[in-house]
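Report on the structure
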Amino acid sequence: MRFLLDAEQRAFAGSLDAMLTASDTPSVVREWSRGEHARGRALWSRVADAGVFALAVPEVHEGLGLRPVELTVAFVELGRHAVPGPLVETVAAAALLAGLADPGPAERLLPALAAGDALATLAWRTPYALDGDVAATRLALTAEGLHLAPGHGPVRPSVDPARRLTPLEPGGELLGTGPPTAEALAWARLATAAQALGVGLALLDRTVAHVRQRTQFGVPVGSFQAVKHRLADAKVGLEFARPLLFGAALTMDPADVAAAKVTACEAAYATARTALQLHGAIGYTAEYDLSLWLTKARVLRTAWGSPQECRAEVLSGGDRRW
């Protein structure tokens, strides 16, 4: 089988790449990390205008219908450019709201998410939610069901400075009981895997460019065989993850998605380690843009399921429910 994108999907990826390249996302990420959201919100609106969030919203709620392959294409580009914000959380929130027995909350909240007028975040198996200070729709899963949190606590830093954690206040409106957590987890893991693949590809591209420019003993570092081997291993890992990712987008089977998630995230993390080693001391500095992708590769590795949890899902054949 050949997992190749069609012309329309390639054009979609190209248009997102061009838009995000022109947006100078590293500076947007740094502002977002400081709690300055104006440029980040403007970028979010442009991403939404391209139809990205509508790909996870049913047409009945003013979305484009559930299109996981196109969503995967988009999230690879979002990861490649390190776009900040609760991207995956918005997708997971859309899945939870769309699957509630009572359509009222979905009718009220989903159109704004699809249009980019509101950001959503979600506390999943933890009291903390990503970017709760900027998200208008703050959801929390409890034993009772899905709640709309009334507010949030103080912002807490994380390994990735662009991922700002906020505890959600307890209580709030109960939107529904028995939300479709398995489906939402599959969508979240698929988006995380795609984002991780994009992060890994960006790290590889930046490292290849660096070793071509950096010289030692009068020749480019990239001409050394050991360096070539490390880069080749990173390239193979990322390219091996790609068909698993798009295969999972076609089936949306929980085991397939878990396999894609662990493979893409491990490949991105391995590429980050290679990038750090080949950049040398400059790779450790927060002022150097490489750090924006290095820290993201690390946190995506465990977001929405650690490697151990995803491997357990694969071994169980997708029977596990979270």
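What counts and what doesn't
Residues numbered from 1 in each chain as written. Predicted model: local features only at pLDDT ≥ 70, side-chain atom pairs only at ≥ 80, totals over all residues. Heavy atoms only, no water. Helix = DSSP H or I, 4+ residues; strand = E, 2+ residues; numbered from the N terminus. Rg over C-alpha atoms; globule rule 2.2 N^0.38 Å. Buried < 20%, exposed > 50% of the residue type's maximum accessible area, 1.4 Å probe, protein only. Contact = heavy atoms within 4.5 Å. Lys, Arg positive; Asp, Glu negative; His and termini not counted. Charge placed at Lys NZ, Arg CZ, Asp CG, Glu CD. pLDDT = per-residue confidence, 0-100. Axes fitted to C-alpha atoms, helices over the stretch in contact; angles between N-to-C directions. Parallel < 35°, antiparallel > 145°, perpendicular 65-115°, else oblique. Left-handed = near helix turned anticlockwise from the far one by under 90°. Nonpolar A, V, L, I, M, F, W, Y, C, P; charged D, E, K, R; others polar. Salt bridge = Lys/Arg side-chain N within 4 Å of Asp/Glu carboxyl O. Polar contact = N/O pair within 3.5 Å; in protein donor to acceptor, adjacent residues only side chain to side chain. Disulfide = S-S within 2.5 Å. Pairing = 2+ DSSP bridges.

**Structural notes on the overall build of the protein**
- Per the secondary structure count, the protein includes 11 helices and 8 strands.
- A compact globule built from 322 residues would reach a C-alpha radius of gyration of about 20 Å, and the protein, at 19 Å, matches this within 12%.
- If you line up the protein on its principal axes, its C-alpha atoms span 70 × 45 × 35 Å.
- Taking all 322 residues of the protein together, 55% fall into the buried category.
- Of the contacts made within the protein by residues no fewer than 6 positions apart, 71% connect residues no fewer than 24 positions apart.
- In the protein, the 31 positive side-chain charges and the 33 negative ones have mean positions that sit 9 Å from each other.

**With respect to the confidence of the model for the protein**
- Averaged over every residue, the pLDDT of the protein is 94; the share at 70 or more is 98%.
- For the protein, per-element mean pLDDT is lowest for strand 7 (residues 215-216), which scores 84, and highest for helix 4 (residues 68-80), which scores 98.

**Quick look at the packing of helix 5 (residues 87-98) against helix 7 (residues 181-213)**
- Two elements in contact, helix 5 and helix 7, have axes separated by 8 Å at closest approach and are oriented at 155°. One element, helix 5, and the other, helix 7, form an angle in the roughly antiparallel class. Two packed elements cross with a definite hand, and for helix 5 against helix 7 that hand is right-handed. Residues L87, V88, V91, A92, A95 and L96 of helix 5 form the contact with helix 7, whose own contacting residues are T181, A184, W187, A188, A191, T192 and Q195.
- Residue composition of the contact of helix 5 with helix 7, by class: 10 nonpolar, 3 polar and no charged.

**Overview of the pattern of salt bridges**
- With the rule as written, the count across this model stands at 14 salt bridges.
- A salt bridge links R34 to E36, with the shortest nitrogen-to-oxygen separation between them at 3.3 Å.
- On the basis of relative accessible area, R34 is assigned to the exposed category, the value being 53%.
- What emerges from the salt-bridge pattern is a single network uniting E77, R80 and D205.

**Here's the deal with the environment of L231**
- Looking at where L231 falls in the secondary structure, it is placed in helix 8 (residues 225-251).
- Overall, the relative accessible area of 13% leaves L231 in the buried class.
- Once the C-alpha coordinates of L231 and L278 are considered, the two residues, 47 residues apart in sequence, prove to be 9.3 Å apart.
- Here L231 is in contact with L204, T207, V208, V211, T274 and L278, once residues within four sequence places are set aside.

**Some points on the side chain of E31**
- Mapped onto the secondary structure, E31 falls in helix 2 (residues 25-33).
- Side-chain polar atoms of E31 contact the side chain of R39, separated by 3.1 Å.
- With sequence-adjacent residues up to four places away left out, E31 is seen in contact with E36 and R39.

**Description of the state of the cysteines**
- Overall, the coordinates contain 0 disulfides when judged by the stated rule.
- C310 provides the cysteine sulfur closest to C265, a residue in no disulfide bond, and the two sulfurs are 7.3 Å apart.
- By relative accessible area, which is 2% here, C265 ends up buried.
- Among the residues examined, C310 registers a relative accessible area of 0% and is labelled buried.

**Points about the sheet that holds strand 6 (residues 173-176)**
- Judged by pairing direction, the sheet is mixed, and its 4 strands sit side by side in the order 1-3-4-6 without closing on themselves. The open sheet has two free edges, formed respectively by strand 1 (120-123) and strand 6, since each of these has just one partner strand. Recorded for the sheet is a direction-independent mean angle of 30° between the axes of neighbouring strands.
- Summarising the sheet, strand 4 (residues 146-148) and strand 6 pair through 3 bridges and their orientation is antiparallel. Across the sheet, residue L146 finds its bridge partner in strand 6, namely G176.
- Relative to the sheet, helix 5 contacts strand 1, strand 3 (137-141), strand 4 and strand 6, its axis offset from that of strand 1 by approximately 80°.

**Describing the pairing of strand 3**
- Burial analysis of strand 3 places 4 of its 5 residues in the buried class, the great majority of the element.
- In the sheet, strand 1 pairs with strand 3 via 4 bridges, with the strands oriented parallel. If you follow A120 over to strand 3, its bridge partner there is T137.
- The pairing of strand 3 with strand 4 spans 3 bridges and is classified as antiparallel.

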